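The chain contents come next:
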Amino acid sequence: MSLILVALVLLLAGGLGWGALHLKRRLERSERDRRRAADELNRRLSELFSLQELSYILAGSLQLDRIVEQVVRYAMRFLDAQGALVALAPEGEEGGERPLRVTAAEGTLVGLAGRAVAPSDPGLVARSLNRERLELVRSSSGEPTRLLEDVAVDSAAAVSLRAHGVVVGTLVIANPRDRAFAPEDMRLLSTVATHAAIVIANARFFQMVQHAKEQWETAFDALSEGIAVVDDHGRIRRANRALAAMLGAPIPAVIGCDLGEALLGPSPALVELLVAAREGNRVQPVVLRSATRSIRVNAARIPASAPAPAHDHSVVVLVEDVTDQQALEAQLIQSEKLAAVGQLVSGVAHELNNPLTSIAGLSELLLEQQELGTKDRGHLRVIHEQADRAGRIVRNLLTFARKGPGEQAAVDLNDVIQRTLLLMSYDLDLKDITIEKNLAPLPPVLGDRHALQQVVINLLNNAAQAVAENPPERPRVILLTTWVDDRVRMRVTDSGAGIADAVLPHIFTPFFTTKEPGQGTGLGLSITYSIVDAHGGRITVERPTEGGAAFMVDLPLASIDAGRLGTPEPQVVAPPPPVATRSILLVDEDPAVRRMVKALFGRDGHTVEVARNPQHALDLVRTRAFDLILVDSEARAQDRLFVEQLVESQPELKDRVLVARGDLPPAAEEELARLSLHYVRKPFNLRDLRDEAARVWAAHPSDASGAPA
């Protein structure tokens, strides 16, 4: 019994000992688990605090370079690695074809910073860009791990940086502690990569927005047109440099100003435009004008953003100074009007040439008769004077229509002005008009000296007529100024009453005049306009604030070669009088001109043969010799100019041809200029015709019988 008892006691003691041992082991295992849990908790807390610190640092900046540097630095510290880098993918749709760039690197990889990595590079950096998950490369075999084609490390891990489904780059860690990556390191690396990808994507977006803003602001300030953002009350909230320049103030000074007041003063049209734009209506630009400039204004409503007040209806306003543009448009319209009128007057001049030639010639021929009565002579003189006056009008019309060749030589405009003033000085002194000159040294211009003198005469006459109407207390002054910049410029300013608003649009219109009937034809300024335009110049009119009017002419400079072409004006030598009778062939279809020419030369004892038509004339010159062949410039045979056929068939007669020239098409003008024939202009008087015929005869004397010598 006692033995059983002892056995039970021993069995109980053993059980208790084994239980105590088992309990002790469980307590030790529990302690170890607690410690591991505590260590894991501490590690997770440390990671959490580190991530929080990294998040705080990354959230404090939007500078991409600073962000990637911090990501690399903290990632290397978290994993106790020897090196780390971030390589960013290029932006844009074609980014996959362009190389990555190592934007930041630390530790043993710092030498790779800034390096470009081709997408086809076989290393871990390029390869990891297209992987969905973290890629881990261990060096268990002892072989190095290639990061790039020519760069290797012992071990590395790489994770692509993805944000909103877009790959922005890759994060690579090299050579961690103990040459191995623990699972918790991988989790931490993934967490860092996820957070870094979002921050990097935001920084890139901010850079893109910042760059777009800079581009927009640069374009905003670079525009030559003025741009303003105007609030509900018409005040300027933003303005570019062009608008500030228009307003004559720096940009800060124009902010807050009323746009309408700052531009041209109160303008109901501008107010209506802004109201219509605020209401969202499609508006048409308006042109605002002042005494000195014209401005075109357009506006459009800016869509309000969600946080903006409901009543905020800001408007963007485009302001364009169109003063020069409108002046050019007006000049173009004027040129078109003059061209149309020029075609008309060209035809009118042609129809008037022959009648005026016969009227002037026959009346002059009758005036040479000694037996004419005094009363009849007076009547004929009036007829002749009026025919001569009509002839001058026709010549003005032809000049206006830009017909007829002009010289092309280097001309000193100052010399033209001085000579013109000498010609007009007597008339100007009689009218008690003072001429003030301010003539700067000028380079030559290329043109027709006589035509440019006509310009000066017309402008001086116009100014003289304006100041002649001044009251006694207002001085009669004409100021002549010349200067040169990129062109030669001349301004004629008068102290007259000025030009009325109603008159200004018609100032260069042909036949428009404010003078009394009989005092002017209204061709002076239009002819001046045509001459200046034909010289490649411009003429504009200004209205000075002190009154009067100013006409400014600018002309292009002559080239150096053109300056060498300039020749002195030829000295006109009077031809010797005819000493023998001559045989003359007349080719003109107008009966009145035929009658006049036959009467003139028949009176002087010459023989005049009249051709029935140009073909008859060609037949006559083949069989007979003539000392002079007087031909109308428009005479044609078989759709060709008669003189052209004549010179081609019998070139020896070229110097015996005298062409009576009227208005011709440009092609005919060029052909006559090529032939270099003697000519007399219609309408001509007897003296002109006799003088030109004498010049021909002086070059080719004949015997008394009329046969060529």
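Residues numbered from 1 in each chain as written. Predicted model: local features only at pLDDT ≥ 70, side-chain atom pairs only at ≥ 80, totals over all residues. Heavy atoms only, no water.

## Overview of the overall build of the protein chain
Part 1 of the reasoning: Of the regular secondary structure elements, the protein chain holds 19 helices and 27 strands.
Part 2 of the reasoning: Put simply, the protein chain has 709 residues, and 41% of those count as buried.
Part 3 of the reasoning: Within the protein chain, contacts between residues separated by at least 24 positions form 62% of all contacts whose residues are at least 6 apart in sequence.
Part 4 of the reasoning: Accessible area for the protein chain stands at about 38,700 Å²; split by element, carbon and sulfur atoms hold 55% of it. (Helix = DSSP H or I, 4+ residues; strand = E, 2+ residues; numbered from the N terminus. Buried < 20%, exposed > 50% of the residue type's maximum accessible area, 1.4 Å probe, protein only. Contact = heavy atoms within 4.5 Å. Areas by Shrake-Rupley, 256 points an atom, 1.4 Å probe, with all protein chains shown as cover.)

## Describing the packing of helix α15 (residues 591–603) against helix α19 (residues 686–699)
Part 1 of the reasoning: For the pair α15 and α19, interaxial distance at closest approach is 12 Å and the crossing angle is 65 degrees. Here α15 and α19 pass one another in a crossing that is right-handed. Contacts between α15 and α19 involve Met596, Val597, Leu600 and Phe601 from the first element and Leu686, Leu689, Arg690, Ala693 and Trp697 from the second.
Part 2 of the reasoning: Taken together, the residues of the contact of α15 with α19 break down into eight nonpolar, no polar and one charged. (Axes fitted to C-alpha atoms, helices over the stretch in contact; angles between N-to-C directions. Left-handed = near helix turned anticlockwise from the far one by under 90°. Nonpolar A, V, L, I, M, F, W, Y, C, P; charged D, E, K, R; others polar.)

## Looking at helix α17 (residues 642–649)
Part 1 of the reasoning: Burial analysis of α17 places six of its eight residues in the buried class, which makes it a mostly covered element.
Part 2 of the reasoning: Turning to α17, its buried residues are Phe642, Val643, Glu644, Gln645, Leu646 and Val647.

## Considerations on the packing of aromatic side chains
Part 1 of the reasoning: For the structure shown, the criterion picks out one aromatic pair.
Part 2 of the reasoning: Centroid distance Phe601 to Trp697: 6.1 Å. Interplanar angle 70 degrees. Geometry classified as edge-to-face. Here Trp697 lies in helix α19 and Phe601 lies in helix α15, a separation of 96 residues in the sequence.
Part 3 of the reasoning: Among the residues examined, Trp697 registers a relative accessible area of 5% and is labelled buried. (Phe/Tyr/Trp six-rings, centres within 6.5 Å; stacked < 30°, edge-to-face > 60°.)

## Quick notes on the environment of Arg301
Part 1 of the reasoning: The topology assignment puts Arg301 in strand β12 (residues 294–301).
Part 2 of the reasoning: Judged by relative accessible area, Arg301 falls into the partly exposed class, the value being 37%.
Part 3 of the reasoning: Along the primary structure Arg301 and Gly280 are separated by 21 residues, whereas in three dimensions their C-alpha atoms are 6.0 Å apart.
Part 4 of the reasoning: In this view, Arg301 contacts Ala277, Arg278, Glu279, Gly280, His313, Ser314 and Val315; residues no more than four positions away in its chain are not counted.
Part 5 of the reasoning: A distance of 3.3 Å separates the side chain of Arg301 from the backbone oxygen of Arg278, its partner in a polar contact. (Polar contact = N/O pair within 3.5 Å; in protein donor to acceptor, adjacent residues only side chain to side chain.)

## Some points on the nonpolar core
Part 1 of the reasoning: The biggest cluster of nonpolar side chains holds 37 residues, and the ones touching the most others in it are Leu459, Leu460, Ile478, Met490, Ile539 and Phe551.
Part 2 of the reasoning: Looking at this core, the elements that each hand over two or more residues are α11 (413–430), α12 (449–467), β17 (477–484), β18 (488–494), α13 (524–534) and β20 (549–555).
Part 3 of the reasoning: Looking at this core element by element, the count peaks at nine residues for α12.
Part 4 of the reasoning: Setting aside residues up to four positions removed in sequence, Leu459 forms contacts with Met490, Val492, Leu525, Thr528, Ile539, Phe551 and Val553. (Core = buried A, V, L, I, M, F, W, Y, C linked by side-chain atoms within 4.5 Å.)

## Quick notes on the confidence of the model for the protein chain
Part 1 of the reasoning: Mean pLDDT over the protein chain stands at 76; residues scoring 70 or higher make up 79%.
Part 2 of the reasoning: In the model, residues 703–709 has pLDDT below 50 throughout and makes 13 contacts with residues more than four positions away in sequence or in other chains. (pLDDT = per-residue confidence, 0-100.)

## Overview of the pairing of strand β9 (residues 226–230)
Part 1 of the reasoning: When you tally the buried positions in β9, you get five out of five residues, the bulk of the element.
Part 2 of the reasoning: Burial along β9 is two-sided: the residues Gly226, Ala228 and Val230 and Ile227 and Val229 are all buried.
Part 3 of the reasoning: Taken together, the five bridges between β9 and strand β13 (residues 315–321) define a ladder with antiparallel strand orientation. Counted as the bridge partner of Val229 is Val316 from β13.
Part 4 of the reasoning: Inspection of the sheet shows β9 paired to strand β10 (residues 236–239) by three bridges, in the antiparallel sense. Paired with Val229 across the strands is Arg238, a residue of β10.
Part 5 of the reasoning: Between the antiparallel neighbours β9 and β10 lie five residues, among them Gly234 with a positive phi of about 80 degrees. (Pairing = 2+ DSSP bridges.)

## Digging into empty space enclosed by the protein
Part 1 of the reasoning: This structure, assessed with the given rule, holds two cavities of 30 Å³ or more.
Part 2 of the reasoning: Reported here for the largest cavity is a volume of approximately 40 Å³.
Part 3 of the reasoning: Every residue lining the largest cavity is listed: Leu413, Leu452, Val455, Val456, Met490, Val532, Val553 and Leu555.
Part 4 of the reasoning: Those elements that provide at least two residues to the lining of the largest cavity are α12 and β20.
Part 5 of the reasoning: A per-element tally of the lining of the largest cavity places α12 first, with three residues.
Part 6 of the reasoning: Grouping the amino acids of the lining of the largest cavity by side-chain chemistry returns eight nonpolar, no polar and no charged. (1 Å grid on protein atoms, 1.4 Å probe; cavity = no way out; pocket = protein on both sides within 12 Å on 5 of 7 lines; lining within 4 Å. Points joined across faces, edges and corners; volume = space filled by probe spheres on them.)

## So, the side chain of Gln650
Part 1 of the reasoning: Secondary-structure assignment places Gln650 in the loop between α17 and β26 (657–661).
Part 2 of the reasoning: For Gln650, a relative accessible area of 12% gives the class buried.
Part 3 of the reasoning: Not counting the four nearest positions on each side in its chain, Gln650 is found in contact with Val621 and Arg622.

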